[in-house]
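What the coordinates show
As a plain string of letters, each chain reads:
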Amino acid sequence: MALYVQKFGGTSVGSVDRIKAVAEKVKGFRDQGHQVVVVVSAMSGETNRLTEMANALNDDPAPREMDMLLSTGEQVTISLLAMALQQAGVAATSHTGAQVGIHTDSAYTKARIQRIETDDLKADLDAGQVVVVAGFQGVDEDGNITTLGRGGSDTTGVALAAALGADECQIYTDVDGVYTTDPRVCSKAQRLENITVEEMLELASLGSKVLQIRAVEFAGKYNVPLRVLSSFEDGPGTLIVAEADQDEDSMEEPLISGIAFTKNEAKLTLLNTPDVPGVASRILGPIADANIEVDMIVQNVAPAGDYTDFTFTVAKGDYKATKKLLEETVIPGLGGGELRGDDNIAKVSLVGVGMRSHAGVASKMFRVLADENVNIRMVSTSEIKISVVIDEKHMELAVNALHKAFGLDKSDIESE
C-alpha cells in the first residue's frame, strides 16, 4: 500500500462530468489499496469570475478580503468532489486549508507555508477516508484565511506530500507530462520520461508553465518524488527526480533536456553612461525600489573608456513604467545619456545538466542560430542554462532549429 497526494487543476475539475472523472480515477487508486489525499483547484474560470466581481465593486480591494473571496473557489470544488466520491462508494471527507492545518504567514495573496499539522489528516487516512483538500489556501496565526498566489495549489500538493512522507506527489494537468519544448511551437517536441529538479526549476523560471516554481522548489528541498500526468488520458507522465542518473552512452554527447522561450521580455539600453563605480546601482536601484524585476544585464565599455553602454531586460508589462522611470529619474541623476528600448524581443534558452560536463554547447547554439540568420542581441549563462535574446519574429524559427540540432526531435528522447 502506497500513499499518494494527487493534485488536480482547474481544467481537470472544470465541470460536473470532469469532477466525476476525477472521482473515478481516485477510486481506482483506492480499489488497489492505496491511501489518497486529493488537492484541487477552483473550477476553471472561477477565480477570474470572482476577481472581476471584486473589481466591479472596488477599484482597489483589500488583500485580506480578496483572500476571503478567492478561497471560496476551492471550497466549492472540494465539496463537489467529496460528494462524487461518496456517490461512487468511496469514503471521503473534504477540508479547507485551515481545517487541514496549513499554517502560513500573513502575506495576503502571496502567503508562504510555515508548517502543516498532519495528525487529523493521518487519522482520516487510517480510517480509510480519501481526504480532499482545498489547494491554494491556508490560515495565519490570527486565524485569517490566506492564499498562496496563482498556481498555489501545486505548492499545497507538494507541501502535503512532504509533510506526510508520501510515496509520490502526482500533478494532474491538461498535458501528459513535461515536453522538450512547447508542442504548439515545435510539432516534434517530445515528452520527457524524467527530468531533474534543477532542470525543471530552470524551465519553470524561463517560461514553462507546466509547474509552479515554488512547487518544484518544495519538491527539491524535501526530496518529494513529483510526477506530472494528464487528467484526460492514461500514461506514465514525467517523473521529476533529484539528480540525473547518467550511463556511459548518455555521457558521449551533451545532454539538453529542454528549450524554453518567452516573448514576455523587453530590452532597455542606456548609451553613453559615465563609466564610474556605482553606476549600475544608480541605474538599477530606483528600478528595484519600484518593485520591477530585472532579468539579463550586460555592461559594455565604450571605445573612449570614459563611458559605458548599460543594457538590461524586464518583463514586457513593466517596459513602459521602467522607461518612464529611466527618463524622469535615472538619466537626470546620471547627468545625461541616451535611452533606447525594444519590446519586440524574445528569450530562448537551452536547459540541461549535461552542460556541466560537456564543452561546446554554447558555440553549437550560436552556430545553429547563425545558419538561420538569427542575430543574437544578449547572452546569459549558468551551469545548466544558456539564454539568448533575439528578435521576436525569429523565435519559432530559432526554437525549431535548436530542437533539431540538439537531437530533441528523436521520439525516444529521455532525460537521463
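Heads up: the structure comes first, above all this text.
Rules of the game
Residues numbered from 1 in each chain as written. Predicted model: local features only at pLDDT ≥ 70, side-chain atom pairs only at ≥ 80, totals over all residues. Heavy atoms only, no water. Pairing = 2+ DSSP bridges. Helix = DSSP H or I, 4+ residues; strand = E, 2+ residues; numbered from the N terminus. Axes fitted to C-alpha atoms, helices over the stretch in contact; angles between N-to-C directions. Buried < 20%, exposed > 50% of the residue type's maximum accessible area, 1.4 Å probe, protein only. Salt bridge = Lys/Arg side-chain N within 4 Å of Asp/Glu carboxyl O.

Brief notes about the sheet that holds strand β2 (residues 35–40)
In space, the eight strands of this open sheet follow the order β3-β6-β2-β1-β9-β11-β12-β10, with mixed pairing throughout. In the strand order of this sheet, the two ends are held by β3 (92–95) and β10 (194–196), each with one partner. Looking at each pair of strands side by side, their axes are set apart by 20° on average, direction ignored. One ladder, built from five bridges, connects strand β9 (residues 168–173) with strand β11 (residues 226–230); its direction is parallel. Looking across to β11, one finds that Q170 is bridged to R227.

Considering the pairing of strand β16 (residues 338–351)
Looking along a regular strand, one sees side chains alternate from face to face of the sheet. One ladder, built from eleven bridges, connects strand β13 (residues 258–274) with β16; its direction is antiparallel. The residue bridging L271 from the neighbouring strand is E338, located in β16. Across seven bridges, β16 lies against strand β18 (residues 385–391) in antiparallel orientation. Within β18, the position partnered with I345 by the bridge is D391.

Topic: unusual backbone geometry
The phi torsion at T109 lies on the positive side, around 70°, for a residue other than glycine. Within the secondary structure, T109 sits in the loop between β4 (102–104) and β5 (113–116). The phi dihedral of N373 is positive, around 60°, even though this residue is not glycine. Structurally, N373 is set in the loop between α11 (361–371) and β17 (378–382). Since its relative accessible area comes to 65%, N373 is described here as exposed.

What to know about the pattern of salt bridges
Enumeration according to the criterion identifies 17 salt bridges in this entry. Linking D234 and K25 is a salt bridge whose minimum nitrogen-to-oxygen distance equals 4.0 Å. Of this pair, D234 sits in the loop between β11 and β12 (238–241) while K25 sits in helix α1 (residues 16–31), placing them 209 residues apart in sequence. Across the salt bridge formed by E198 and R356, the nearest N and O atoms sit 2.4 Å from each other. Taken together, the positions of E198 in helix α7 (residues 197–205) and R356 in the loop between β16 and α11 put the pair 158 residues apart, joining distant regions of the chain. Taking the relative accessible area as the measure of exposure, E198 reaches 32% and is therefore partly exposed. Take R356: its relative accessible area is 43%, and that puts it in the partly exposed class. Among the ionic contacts, a cluster of salt bridges with common partners joins R115, E117 and E141.

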